[in-house]
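Below, each chain spelled out in residue letters.
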2 protein chains.
Amino acid sequence: MTYTAQVKIMPLKELLDPQGKAVLGGLKNLGLGSVSDVRIGKHIDLSVEASNPEEALEIAREAARKLLANQVMEQFEVSILS
Amino acid sequence: MTYTAQVKIMPLKELLDPQGKAVLGGLKNLGLGSVSDVRIGKHIDLSVEASNPEEALEIAREAARKLLANQVMEQFEVSILS
């Protein structure tokens, strides 16, 4: 069966996010001053062939660890869409 | 009050995602052959000052429409973290 795994990858809270700061400036220039912080990460959808959701989750976690996320600078969360 | 709005921006289904195809090839080389498709988008967390969640959602939607998403090539979803 094919499961859809969602991987959310965000820069670690302890690190500066210069891309987010640039977007925050852009939003203020557009008059959206009520936005006080922006952090930008990646969202990756994986189609995973597996026999059950637990196996699909494990495969998606392995993909995130081995290739998708840089754990020096980023944290990731994996979930399976039901 | 400060709300956290999550904006998920993905390439439209009708469009090729060359970055996703490259990552799919990388996963296969790493032995993760059970992943059959990869699509890569952005995940943006906004801190929004608003008096209620509906107002925060509206502000985040406006930010996505005006700056964050390119609606020619991307679709977006906005949600408020409770």
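Please refer to the structure higher up on the page.
(A) Just the sheet that holds strand S2 (residues 35-49) of chain A, in detail. Here 6 strands make up an open sheet; going across it, the order is S3(A)-S1(A)-S2(A)-S2(B)-S1(B)-S3(B) and the pairing antiparallel. The open sheet is flanked by strand S3 (74-81) of chain A together with strand S3 (74-81) of chain B, the only strands paired with a single partner. Strand-to-strand twist in this sheet, taken as the mean axis angle between neighbours without regard to direction, amounts to 25°. Here strand S1 (residues 2-11) of chain A runs beside S3(A); their pairing, made up of 8 bridges, is antiparallel. Bridge assignment links A:Gln6 to a residue of S3(A), and that residue is A:Ser79. Where helix H1 (residues 18-29) of chain A meets the sheet, it contacts S2 of chain A together with strand S2 (35-49) of chain B, and its direction lies at approximately 120° from that of S2(A).

(B) Local environment of the side chain of A:Asp45. Here A:Asp45 lies in strand S2. Of the side chains bearing the opposite charge, B:Lys8 lies closest to the buried A:Asp45, which forms no salt bridge; the N-O distance is 4.4 Å. In terms of polar contacts, A:Asp45 uses its side chain to reach the side chain of A:His43, at 3.2 Å. Setting aside residues up to four positions removed in sequence, A:Asp45 forms contacts with A:Ala5, A:Gln6, B:Lys8, B:Met10, B:Asp37, B:Val38 and B:Arg39.

(C) Structural detail: the relation of the copies chain A and chain B. Of the transformation placing chain A onto chain B, the axial shift is 0.0 Å and the rotation is 180°, giving an RMSD of 0.0 Å. In symmetry terms, the pair is related by a two-fold rotation axis. Identified as the residue of chain A closest to the rotation axis by C-alpha distance is A:Lys42, at 2.2 Å. When you check the interface residues of chain A against chain B, 100% turn up at the interface there too, and the contact is symmetric in its surfaces.

(D) Representation of the pattern of salt bridges in the model. Residue and element names in this part refer to chain A. On inspection of all chains with the given rule, the structure shows 10 salt bridges over all chains. Across the salt bridge formed by Glu-58 and Arg-65, the nearest N and O atoms sit 4.0 Å from each other. Residues joined in a network through salt bridges with shared partners are Glu-58, Arg-61 and Arg-65.

(E) Seen up close, the interface of chain A and chain B. With 30 residues of chain A at the interface, the matching set in chain B holds 30 residues. On the chain A side of the contact with chain B, A:Leu32, A:Ser34 and A:His43 bury the most area, a combined 20% of that side's loss. Counting across the chain A and chain B interface gives 0 salt bridges. Counting only elements with at least two residues in the side of chain A that touches chain B, the list comes to S1, H1, S2 and helix H2 (53-68) of chain A. Residue contributions to the side of chain A that touches chain B peak at 15 residues, all from S2(A). Pairing analysis gives 13 bridges linking S2(A) to S2(B), with the strands arranged antiparallel. If you follow A:Ser47 over to S2(B), its bridge partner there is B:Asp37.

(F) Spatial organisation of helix H1 (residues 18-29) of chain B. For H1(B), built from 12 residues, the straight-helix expectation of 16 Å at 1.5 Å per residue is met to within 8% by its first-to-last C-alpha distance of 17 Å. Regarding H1(B), the residues found buried are B:Gly20, B:Val23, B:Leu24, B:Gly26 and B:Leu27. In an axial view of H1(B), the angular spread of the buried residues amounts to 160°, which keeps them on one side of the axis. Across from the buried face of H1(B), at angles greater than 90 degrees, the exposed residues are B:Pro18, B:Ala22 and B:Asn29. Contact partners of the buried residues in H1(B): S2 and H2 of chain A together with S2 of chain B. Downstream of H1(B) by one or two residues, B:Gly31 has phi in the positive range, about 90°.

The rules behind these values
Residues numbered from 1 in each chain as written. Chains lettered and ligands numbered in written order. Predicted model: local features only at pLDDT ≥ 70, side-chain atom pairs only at ≥ 80, totals over all residues. Heavy atoms only, no water. Pairing = 2+ DSSP bridges. Helix = DSSP H or I, 4+ residues; strand = E, 2+ residues; numbered from the N terminus. Axes fitted to C-alpha atoms, helices over the stretch in contact; angles between N-to-C directions. Contact = heavy atoms within 4.5 Å. Buried < 20%, exposed > 50% of the residue type's maximum accessible area, 1.4 Å probe, protein only. Lys, Arg positive; Asp, Glu negative; His and termini not counted. Salt bridge = Lys/Arg side-chain N within 4 Å of Asp/Glu carboxyl O. Polar contact = N/O pair within 3.5 Å; in protein donor to acceptor, adjacent residues only side chain to side chain. Least-squares fit on C-alpha atoms with pLDDT ≥ 70 in both. Buried area = accessible area lost by both parts, 1.4 Å probe. Expected span 1.5 Å × (residues − 1). Arc of directions from axis to C-beta.

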